[in-house]
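Residues per chain, in single letters:
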Amino acid sequence: MTSPGTILFVTTAIFAMAGGLVTISARRPLRAAIGLLVHIISLAGMFLTLDAQLLAALQLLVYAGAVVVLFVFVIMLIGPASEVGPIEGRFASRTLSLAVTIAIVLAVSTSLAYFDLPWGAPSEDFGTVEGLGMAIYSKALVPFEVVSITLLVAIVGAVAIARSRTE
Amino acid sequence: MGVGTYLALASVLFGIGAAGFLTRRNMLIQLMSIELMLNSVNVVLLAFNRVNPGNHDGQVFAFFVIAVAAAEAAVGLAILIAYYRIKKTIDTDAASLLKY
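Small disclaimer: the values here were computed from a predicted structure and weren't measured.

Asks: Tell me what's going on with the overall build of chain A, and back it up with residues and numbers.
Replies: If you tally the helices and strands in chain A, you get 6 helices and 0 strands. Helices (α) and strands (β) of chain A occur, in sequence order from the N terminus, as α-α-α-α-α-α. For 167 residues, the compact-globule estimate of 2.2 N^0.38 gives 15 Å, and the C-alpha radius of gyration of chain A, at 20 Å, exceeds that figure by more than 25%. Overall size of chain A, expressed as C-alpha extent along the three principal axes, is 55 × 45 × 25 Å.

Asks: Any details on the overall build of chain B? Residues and values, ideally.
Replies: The number of helices and strands found in chain B is 3 helices and 0 strands. Along the chain direction, N to C, the helices and strands of chain B fall in the order α-α-α. Rg of the C-alpha trace for chain B: 17 Å, well past the compact-globule value of 13 Å for 100 residues, more than 25% over. Projected onto its principal axes, the C-alpha positions of chain B cover 55 × 25 × 20 Å. Sorting the 100 residues of chain B into buried and exposed places 57% on the buried side. Looking at chain B alone, contacts between residues at least 24 apart form 49% of all its contacts between residues at least 6 apart.

Asks: Describe the domain arrangement of chain A, and please don't skip the residues or the numbers.
Replies: Domains assigned within chain A are domain 1 (1-82) and domain 2 (128-167). If you average the C-alpha positions of domain 1 of chain A and of domain 2 of chain A, the two centres end up 22 Å apart.

Asks: Please provide a residue-by-residue account of the interface of chain A and chain B, values included.
Replies: Taken residue by residue, the interface counts 72 residues in chain A and 63 residues in chain B. When residues of the side of chain A that touches chain B are traced back to their parent elements, those giving at least two are helix 1 (4-25), helix 2 (29-49), helix 3 (53-78), helix 4 (91-112), helix 5 (129-139) and helix 6 (141-162) of chain A. For the side of chain A that touches chain B, the element with the most residues is helix 3 of chain A, which contributes 12 residues. Across the side of chain A that touches chain B, the residue classes break down as 53 nonpolar, 16 polar and 3 charged.

Asks: Account for helix 2 (residues 27-51) of chain B, naming residues and giving values.
Replies: For the α-helix, the turn length of 3.6 residues means that residues three or four positions removed from each other point alike. Taking 1.5 Å of rise per residue, the 25 residues of helix 2 of chain B would be expected to cover 36 Å, and the 37 Å separating its terminal C-alpha atoms lies within 8% of that figure. Counting buried positions over the 25 residues of helix 2 of chain B gives 20, a clear majority of the element.

Asks: Give me the confidence of the model for chain A: which residues, what numbers.
Replies: Residue-level pLDDT values for chain A average 89, and 95% of them are 70 or greater. Of all the helices and strands in chain A, helix 4 of chain A carries the lowest mean pLDDT, 89, while helix 2 of chain A carries the highest, 95.

Asks: Tell me about the nonpolar core, and please be specific about residues and values.
Replies: Across soluble globular proteins, nonpolar side chains have a tendency to be buried as a group. In this structure, F47(A), L28(B), V43(B) and L46(B) are the most contacted members of the largest nonpolar core, which totals 64 residues. Secondary structure elements with two or more residues in this core: helix 1, helix 2, helix 3 and helix 6 of chain A together with helix 1 (3-23), helix 2 and helix 3 (57-87) of chain B. Per element, the largest residue contribution to this core is 13 residues, and it comes from helix 3 of chain B. In this structure, F47(A) is in contact with A52(A), L55(A), A56(A), Q59(A) and L46(B), ignoring residues within four places of it in sequence.

Asks: With reference to specific residues and values, describe the packing of helix 1 of chain A against helix 2 of chain A.
Replies: Residue and element names in this part refer to chain A. Look at helix 1 against helix 2: their axes get within 7 Å of each other, and the N-to-C directions meet at 160°. Between helix 1 and helix 2, the angle falls in the class roughly antiparallel. Note that helix 1 runs across helix 2; the crossing there is left-handed. In this structure, helix 1 uses G5, L8, F9, T12, A13, F15, A16, A18, G19, G20, V22 and T23 to contact helix 2, whose residues at the interface are R31, A32, G35, L36, V38, H39, S42, L43, G45, M46, L48 and T49. Looking at the contact of helix 1 with helix 2 residue by residue, the class counts come to 13 nonpolar, 10 polar and 1 charged.

Asks: Can you break down unusual backbone geometry residue by residue, with the values?
Replies: All names here are of chain A. Positive phi, close to 60°, is recorded for D51, a residue that is not glycine. Its location among the elements puts D51 in the loop between helix 2 and helix 3. We classify D51 as buried; it has 22 C-beta atoms within 10 Å.

Asks: Which residues make up the environment of N55(B), and what values go with them?
Replies: Residues and elements named next belong to chain B. Mapped onto the elements, N55 comes out in the loop between helix 2 and helix 3. Classification of N55 as partly exposed rests on a count of 14 C-beta atoms within 10 Å. For N55 and L22, which are 33 residues apart along the polypeptide, the C-alpha to C-alpha distance reads 37 Å.

Criteria and cut-off values
- Residues numbered from 1 in each chain as written.
- Chains lettered and ligands numbered in written order.
- Predicted model: local features only at pLDDT ≥ 70, side-chain atom pairs only at ≥ 80, totals over all residues.
- Helix = DSSP H or I, 4+ residues; strand = E, 2+ residues; numbered from the N terminus.
- Rg over C-alpha atoms; globule rule 2.2 N^0.38 Å.
- Buried ≥ 20, exposed ≤ 12 C-beta atoms within 10 Å, placed from the backbone.
- Contact = placed C-beta atoms within 7 Å.
- Domains from an automatic or database assignment.
- Nonpolar A, V, L, I, M, F, W, Y, C, P; charged D, E, K, R; others polar.
- Expected span 1.5 Å × (residues − 1).
- pLDDT = per-residue confidence, 0-100.
- Core = buried A, V, L, I, M, F, W, Y, C linked by C-beta atoms within 7 Å.
- Axes fitted to C-alpha atoms, helices over the stretch in contact; angles between N-to-C directions.
- Parallel < 35°, antiparallel > 145°, perpendicular 65-115°, else oblique.
- Left-handed = near helix turned anticlockwise from the far one by under 90°.

Structure (structure tokens):
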């Protein structure tokens, strides 16, 4: 007996892992960006299985709509140089870092896979615009305003750093 | 589908991002790997919030993670463009000025 939530979770999990693998293994950065897009969209679908509707929409808007497009703009701006040639040498450090990462991930994921807690019963407005909005604007108002300043500083900093130095 | 499945999946996604960051030398792909790692953290936050749905703390935290990740991507890509102007490549092996 498989529920629709299980089917959605398995589908999005497979696509998220495939997108991530395409992202880190692609030679051409544009293919990596498309892999990142697949990854992000499938994670937005997975957020729906966790009753996070507003965050699923935000994931699509902010990541798929803004971050991936920013990556694609930079790839177009840089042009052919965005494709770094094949990696030569340094096999020891690459193999070692890959092996350590795989070992840690295997240990953590196999020990976590059977960890289980009962799902709680969500209230009517859990994860909706109203529920999450009330939580943000009542309990996290100061961090919310600080984040807006952070984004403003990031915009100004990005312009200042990326601007051409030629007067 | 228990919460452990979500945690295991998130650790696998984090591992994919970490492996990409450590093994690739293309700065664009390394920035994308950072995005992969930040996204996997969001999965953990939302899964634990779904276990304890009396409040929205995990979702609020994931919201801030998304906002900070957007700022990080903007500044990181600006640094990449400035680096490309100087070095004419985005290979991170070329960033060796402070090594000597």
